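# Examining the three-dimensional arrangement
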Amino acid sequence: MKVQFLIYFSMSIFLFSPRQADAQEVQSTDEIQKLREQIEQLKNESAAHKQGTSKFLLRGYAHSGLQVTDESFSFIGGAFNPIFIYKQSDRLLFESELEFELEDGNLGIGLEYANMSYLLSKNLTLRAGKFLVPFGIFVPNLHPAWINRFPTAPLGVGHDGIVPSNDIGVELRGGSYLGNLKINYSVYAVNGSQLNDGQEDAEEGGILHHAVFPDNNRGKTIGGRLGFFPFSNSSLELGVSGMYGTVGAKSSKLEDINALHYAFDLSFVKSLPSLSSVLDLKAQYSGTKVDEAAYPDPEDPTNFVTFDNNSSAWFAQVSIRPALIDNKFFRNLEFAARYSTLKTPEGAAWEVDETQIDLGVNYWIDWRTLLKFSYRISSSAEEDHVEPEHDEIAGNAFFVHWALGF
Amino acid sequence: MKKIQILSFFIIVVVFSFIYTGCSARSNIATAKSGAQLWGENCLRCHNTPSPKTFSDAEWDAAVLHMRVRANLTASEATKIVEFLKTAN
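Chains are numbered independently. Their residues run from 1 in the order of the written sequence. As a convention, the first chain written is A and the first ligand written is 1, with the rest following in written order. Selection of residues for local features in this predicted model requires a pLDDT of at least 70, selection of side-chain atom pairs for listing and counting requires 80 or more, and totals for whole chains, interfaces and linings are taken over all residues. Hydrogens and water molecules were not included; the side-chain quantities draw on all heavy atoms of the structure.

## A word on the side chain of Asn-72 of chain B
Elements are defined by DSSP. Helices are runs of H or I of four residues or more, strands are runs of E of two residues or more, and each kind is numbered from the N terminus. Residue position: Asn-72 of chain B is located in the loop between helix 4 (57–70) and helix 5 (75–88). Engagement of the side chain of Asn-72 of chain B in a polar contact is seen with the side chain of Arg-173 of chain A, the distance being 3.3 Å. Contacts between residues were defined by any pair of non-hydrogen atoms, one from each residue, lying within 4.5 Å. Sequence-distant contacts of Asn-72 of chain B, defined by excluding residues within four places in its chain, comprise Arg-173, Gly-174, Gly-175, Asn-184 and Tyr-185 of chain A together with Met-67 of chain B. What qualifies as a polar contact is a pair of N or O atoms within 3.5 Å, subject to a donor-acceptor requirement within protein and to the restriction that residues adjacent in sequence count only when both atoms come from side chains.

As structure tokens, this is what we get:
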């Protein structure tokens, strides 16, 4: 018993010895002090990197490639598009895209867009400046090289197409719910397209030029787009767009000539677990109707000719990517096909009736970087049709392109 | 062409009545959806869905505001998506 008591007694002396406790205390106060200093240092460091309310993103994309046709075997493209995005506050956004492109051996610089958006409410944004016109879906949503599944734009769409691309003006846009139906909308006023009167080059009489500055008249072009999502999972969007305004130059014979552009679009994107794939369908029909007018006859410019100045273009594309399978190589592969047509007025010197089928295999390196291999089959209804200005849209061709978004 | 002017006026009236009814419709399916679900449904409609890991919180703030305008997202959709991206990056 005594022995036990002695053991307990000596243990308690050992455990509760004041010298031991003192030593521990000193050590822990030292540690606390050190930690305090570290926290203070971290605080200072993080304060130095503290985000302000204004935020900035410098992004963009680049692309180039190889084009093989009957006549040429050349590397083409070589474009670099930086995009500047400034979030000034929770309500104010500025976006701008420049385009640096090689054109006939020279560097061409373009301002794709530069505009500010102010969020007026939960469902409405005011945009002002130069913007991508919300007409159909290709130009505003699909044109960047890392989004477009093909190396080229569909017929009739793009910089020299019949479809308006970008313009200067003001716009109200937004999205909302009608009960359970999701919708989006946009109304805008812009300078609008300009009608070529054929005075300089009779062969171009009746062509509408887009994104030309300054405006050639006082009338503004108004337009809008309405989009619906019939399914609650937003997989399908159907849209209708319209744009109407004066296109003739002020104080010219054509000053009262107006043009109507209209478009219908469809987008359907859905995961198909049964095929372990993601299916992506996009389509757009665009039409243009210009009031009747007389243009110089290209055969004899002292005479005038007239024709129904109506044009149309449409495309439908499908792509499928087995993104849900385990094999890394196959899940980055994508198969794509596109059909596109362009019809310009019968009887015009620039009459075109073209169809293209593009078949492609793409390999995705990351979500914004891909290699595109595609083959294009072109056919024209006109035996003696005028060759389009850009050889990019004429003839069969094989392309290898790369596009990188950053 | 008078017809077209009447038609465009009609379209504008319809659009704004949509906006009005949209604003007043308080409860809809979107309010029940999580940020992750809205991200999964909306961010692949035009391009591949970016992984949340792509950007920092501050970069997502700017990118999602850009997309809110581009894709016509509502305020609550954009807020939920950005919150999701910031917790999952």
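## Side note on the interface of chain A and chain B
By a frequent convention, interface size equals the accessible area lost on bringing the separate parts together. On the chain B side, the residues contacting the 59 residues of chain A number 41 residues. Taken together, the two surfaces of chain A and chain B that pack against each other cover about 4600 Å², and 64% of this comes from carbon and sulfur. Here the buried area means the combined drop in accessible surface, using a 1.4 Å probe, for two parts upon being joined, counting both sides. Among the residues of chain A in contact with chain B, Tyr-177, Tyr-244 and Trp-367 of chain A are the three that bury the most area, contributing 16% of the side total. Here, a salt bridge means any Lys or Arg side-chain nitrogen found within 4 Å of an Asp or Glu carboxyl oxygen. Remark: the boundary between chain A and chain B carries five salt bridges. With its nearest N and O atoms 3.2 Å apart, the salt bridge here joins Glu-77 of chain B to Lys-182 of chain A. At seven residues, the largest contribution of residues to the side of chain A that touches chain B is made by strand 6 (residues 166–178) of chain A.

## Here's the deal with the environment of Lys-87 of chain A
With respect to the helices and strands, Lys-87 of chain A occurs in strand 2 (residues 73–87). Three exposure classes are used, based on accessible area relative to the maximum for each residue type with a 1.4 Å probe and protein chains only: buried under 20%, partly exposed in between, and exposed over 50%. When its relative accessible area of 7% is taken as the criterion, Lys-87 of chain A is described as buried. Each C-alpha atom of the pair Lys-87 of chain A and Val-212 of chain A lies 29 Å from the other, and the pair is 125 residues apart in sequence. With residues up to four places along the chain from it excluded, the contact list for Lys-87 of chain A reads Thr-53, Ser-54, Lys-55, Leu-92 and Leu-93 of chain A together with Asp-61, Ala-62 and Leu-65 of chain B. Within polar-contact distance, the side chain of Lys-87 of chain A engages the side chain of Asp-90 of chain A at 2.9 Å.

## Describing unusual backbone geometry
Residue and element names in this part refer to chain A. A positive phi angle is found at Ala-211, which is not glycine, with a value near 55°. Within the fold, Ala-211 resides in the loop between strand 9 (208–209) and strand 10 (221–229). Not every positive phi belongs to a glycine, and Ser-234 is a case in point at roughly 60°. Within the element layout of this structure, Ser-234 appears in the loop between strand 10 and strand 11 (236–246).

## Structural notes on the pattern of salt bridges
Scanning the model with the defined rule gives 17 salt bridges over all chains in all. A salt bridge links Arg-45 of chain B to Glu-237 of chain A; the nearest nitrogen and oxygen atoms lie 3.5 Å apart. With Arg-45 of chain B in the loop between helix 3 (35–42) and helix 4 and Glu-237 of chain A in strand 11, this residue pair bridges two chains. Summarising the burial analysis for this pair, Arg-45 of chain B and Glu-237 of chain A share the class buried. Note that Lys-86 of chain B and Asp-61 of chain B form a salt bridge whose closest N and O atoms lie 3.0 Å from each other. Here Asp-61 of chain B lies in helix 4 and Lys-86 of chain B lies in helix 5, a separation of 25 residues in the sequence. Residue classification places Asp-61 of chain B among the buried residues on the basis of a relative accessible area of 13%.

## Regarding the packing of helix 4 of chain B against helix 5 of chain B
All names here are of chain B. Orientation is described by lines fitted to C-alpha atoms, with helices fitted over the stretch in contact, and by angles between N-to-C directions that extend from 0 to 180 degrees. Contact pair helix 4 / helix 5: the axes reach a minimum separation of 10 Å and the direction vectors enclose 155°. The pairing of helix 4 with helix 5 is recorded here as roughly antiparallel in orientation. Considering only the axes of helix 4 and helix 5, their crossing is right-handed. On helix 5, the residues that touch Asp-57, Trp-60, Asp-61, Val-64 and Arg-68 of helix 4 are Ala-75, Ala-78, Val-82, Leu-85 and Lys-86. Any angle that falls under 35 degrees is termed roughly parallel, while one over 145 is termed roughly antiparallel, one within 65 to 115 roughly perpendicular, and all others oblique. A crossing counts as left-handed when the near helix is turned anticlockwise from the far one by less than a right angle, and as right-handed when that turn is clockwise.

## So, the confidence of the model for chain B
Residue and element names in this part refer to chain B. Of all residues in chain B, 69% have pLDDT values of 70 or greater, and the mean over the chain is 83. For chain B, helix 1 (residues 2–24) is the element with the lowest average pLDDT, namely 60, and helix 4 is the one with the highest, namely 96. Prediction confidence for the complex, expressed as pTM and ipTM, is 0.86 and 0.85 respectively. pLDDT is defined as a per-residue confidence score from the predictor, taking values between 0 and 100.

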